[in-house]
Each structure stands twice: as C-alpha cells, then as structure tokens.
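# Coordinate inspection notes
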Amino acid sequence: MSPSATPLLRVEDLRIAYQGSQGRPDAVAVDGLSFEIHRGETLALVGESGCGKSTTGLALLRLLPASARIRARRLDFEGRGLLTLDERALRSVRGGGIGMVFQDALSALNPIMRVGDQVAEAVRLHRRCSAREARDEALALLERVRIPEAARRMREYPQRLSGGMRQRIVIAMALAGRPSLLVADEPTTALDVTIQAQILTLLRSLQRELDMGLLLITHDLGVVAEMADRVAVMRDGVCVESRPAAALYADPQHPYTRALLASRPGAAAIGAEWQAFA
Ligand SMILES: Nc1ncnc2c1ncn2[C@@H]1O[C@H](COP(=O)(O)OP(=O)(O)OP(=O)(O)O)[C@@H](O)[C@H]1O
C-alpha cells in the first residue's frame, strides 16, 4: 500500500435515514459513519444483514432512492464533495471514478446480448472510441479478469457461463471506466465456496495491479481475513470498531466483533459471545 496525503475517499460523519411512509418515523440506516480509503488500499465494511453496508455503498454513487435523506460532514471522492456534484459530474464518477460490483451477476447482465458486446458497450459509455477499439479493449478486459479463451468467450451469452465466469464479466465491466475506486457489495455471496476464493483473489490482484482503492462490503468476516488492509465493523448503522485487519483479527476490541468472529463457520465457541447479541 502506498497511502498518499489525500485519501481517494473520505467519509466523515455520514448519516442516512429512510423517510417513513404513512406517518411512520424515519428509519436511521447509517449513523455517524467515518472512514477513509487510499489508493492501493482495501477496506472491508462488515456486519450483519440490515446494518447499513449497502446503503453506504449506494450513497457513494448517489444511487439511493428519493426516500433516503443523506448528510455528512464530508463525503469526498478525489477531494471533491460527492453530495454537491451535478448530474453530469455524477455520471462521470459512476463507473468512471468509482466502479461497482454487486452480488447478483446474472441480473447485472443482459441475457440476450453476447458478453463481449456488453463489455464493449461499457467501454464506450466511458470513452469515445470506435466499435473496433471498444471490442479490443473488451477482450483485454476479459483477459485481465483471467477469463480463459477470452476471444471465444466474448461470443457467449451470460446463461452459458458459470456463476464465477459471469462475476468475472461483471468485474470486467466495472473496470471498463478505469475507476480508481472499486466498490464490491457482497461480490461472492451467490457463489460456491471455492469460486468465492478465486473471485476474492482476483479482486485483490486487480486492486494491486491497477493501484485502486477497494471497498469490500460483506456480512462475512472470514471472507475478508486474507485480503483487507483495514476492517470496519458495523452494527445497526454504527461503526463499532475500525482497525488494521491483522490487529482486529488478533485482538478484537469490541464484544460485537468478537461475537462475529466466534460465529464464523468453523469457529470454536459461538456460545456466550454471541448470546449477548442474539
Ligand atoms: N429503500 C429502502 N427504504 C427503506 N428502508 C430501507 C431501504 N433500503 C434499506 N433500508 C433499511 O436500511 C437499513 C440498512 O439496510 P442495508 O440494506 O443498507 O443493510 P445491509 O447491511 O447492506 O444489509 P443486507 O446485506 O441485507 O443488504 C435496514 O434497516 C433496511 O431495512
């Protein structure tokens, strides 16, 4: 990691509430969250379902529904405030500055379009170039995400590919705008365990090769043990602990972090730690 003075992403005191409908009170989804990501750094945002992880990821791309009220002391990407960007600037940040990978590769892909054409289309969204150049770039992207026989795979439709291959295609599309930050929201949850490991290794390698920042959103502390530089643990919209990964795993400070660690499959004692939060 080579942290520069200005972080790629600076989040300070982020608060997000969904407006309650039919007289119901607003629901606070994120409450006072702060973190930074530098180029070349991986931050894992970890917590159970509903703790506000995806809401945070979507806020970075200003993709929250209109019912979401968002404010922050700072929400800066490459030194610019994301909350005050106009639509045009936002479009260039989405996919250009910040790339996004979601859990469900199948629904992110068009079933009736060859995957090579979909990646080429993503390239042309971000860069003026000929159809030929876009196809060449798409092929290079498929090779970058280690798709074997990439030239042949370009002509396949998504359904003909395995789940892992599809997720590689989605990652290739997310890279098409040459982002400096990649947000990956549960990128492996829908995959078999062995494939999960391959995709995580790929993300880690890409993050290093391209010197990107990576925000990895997951409910599974085990998933990030090998690859995060820092881990931020969230519970009910609040960050309870944020530390370098090695320190957090070796000596978790917050009881909730200890409970999450103990509840991983294969962890010895779930018992008392978890009971406190059940
Ligand atoms: N569109 C929405 N309208 C109202 N409330 C929402 C909306 N989206 C999320 N929420 C609520 O905001 C809180 C945080 O949800 P969020 O999806 O960010 O959590 P999460 O940690 O990503 O969980 P998951 O992994 O299940 O997606 C939850 O209480 C959820 O019910």
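The rules we used
- Residues numbered from 1 in each chain as written.
- Predicted model: local features only at pLDDT ≥ 70, side-chain atom pairs only at ≥ 80, totals over all residues.
- Heavy atoms only, no water.
- UniProt positions renumbered as here; feature names shortened; annotations may be inferred.
- Helix = DSSP H or I, 4+ residues; strand = E, 2+ residues; numbered from the N terminus.
- Contact = heavy atoms within 4.5 Å.
- Near = heavy atom within 4 Å.
- Polar contact = N/O pair within 3.5 Å; in protein donor to acceptor, adjacent residues only side chain to side chain.
- Areas by Shrake-Rupley, 256 points an atom, 1.4 Å probe, with all protein chains shown as cover.
- Salt bridge = Lys/Arg side-chain N within 4 Å of Asp/Glu carboxyl O.
- Buried < 20%, exposed > 50% of the residue type's maximum accessible area, 1.4 Å probe, protein only.
- Axes fitted to C-alpha atoms, helices over the stretch in contact; angles between N-to-C directions.
- Parallel < 35°, antiparallel > 145°, perpendicular 65-115°, else oblique.
- Left-handed = near helix turned anticlockwise from the far one by under 90°.
- Nonpolar A, V, L, I, M, F, W, Y, C, P; charged D, E, K, R; others polar.

If you check an unreviewed UniProt entry, the protein chain appears there as Oligopeptide transport ATP-binding protein OppD (TC 3.A.1.5.1) from Orrella dioscoreae. Turning to the protein chain, the UniProt annotation filed under Sequence similarities (unreviewed entry) states: "Belongs to the ABC transporter superfamily." The annotation that UniProt attaches to the protein chain under Subcellular location (unreviewed entry) is "Cell inner membrane".

## Things to note about unusual backbone geometry
We note that Glu-149 has phi near 50°; this positive angle belongs to a residue other than glycine. Structurally, Glu-149 is set in the loop between α5 (131–144) and α6 (150–153).

## Section: the environment of Ile-98
With respect to the helices and strands, the residue Ile-98 is situated in strand β7 (residues 98–101). For the pair Ile-98 and Val-223, spaced 125 residues apart in the sequence, the C-alpha separation amounts to 22 Å. Residues in contact with Ile-98, not counting those within four places in the same chain, are Leu-60, Leu-61, Phe-77, Val-93, Pro-179, Leu-181 and Val-183.

## Things to note about the site of the ligand
Around the ligand, a shell composed of Tyr-18, Ala-29, Glu-48, Ser-49, Gly-50, Cys-51, Gly-52, Lys-53, Ser-54, Thr-55 and Pro-65 is seen. Within the side chain of Thr-55, a nitrogen or oxygen atom sits 2.5 Å from an oxygen atom of the ligand. Compared with its free state, where it exposes 620 Å², the ligand has 57% of that area covered by protein. Considering each element in turn, the shell around the ligand owes the most residues, three residues, to helix α1 (residues 53–60).

## Points about the pattern of salt bridges
All told, the structure shown has 17 salt bridges when counted by the stated rule. We note a salt bridge from Arg-15 to Asp-13, for which the minimum N-O separation is 3.0 Å. Owing to a relative accessible area of 29%, Arg-15 belongs among the partly exposed residues under this scheme. Among the salt bridges present, the one from Asp-117 reaches Arg-135, with a minimum N-O distance of 2.9 Å. Residue Asp-117 is located in helix α4 (residues 115–126), and its partner Arg-135 is located in helix α5; the two are separated by 18 residues in the primary sequence. Here Arg-135 falls in the partly exposed class, since its relative accessible area comes to 33%. Each of Glu-12, Asp-13, Arg-15, Asp-31 and Arg-73 takes part in one network of salt bridges that share partners.

## Concerning the packing of α4 against helix α7 (residues 163–175)
Contact geometry for α4 and α7: axes closest at 8 Å, N-to-C directions at 20°. Here α7 runs roughly parallel to α4, going by the angle between their axes. In terms of crossing hand, the pair formed by α4 and α7 is right-handed. Listed contacts from α7 to Val-115, Gln-118, Val-119 and Ala-122 of α4 are Ile-169, Ala-172 and Met-173. Tallied by class, residues from the contact of α4 with α7 come to six nonpolar, one polar and no charged.

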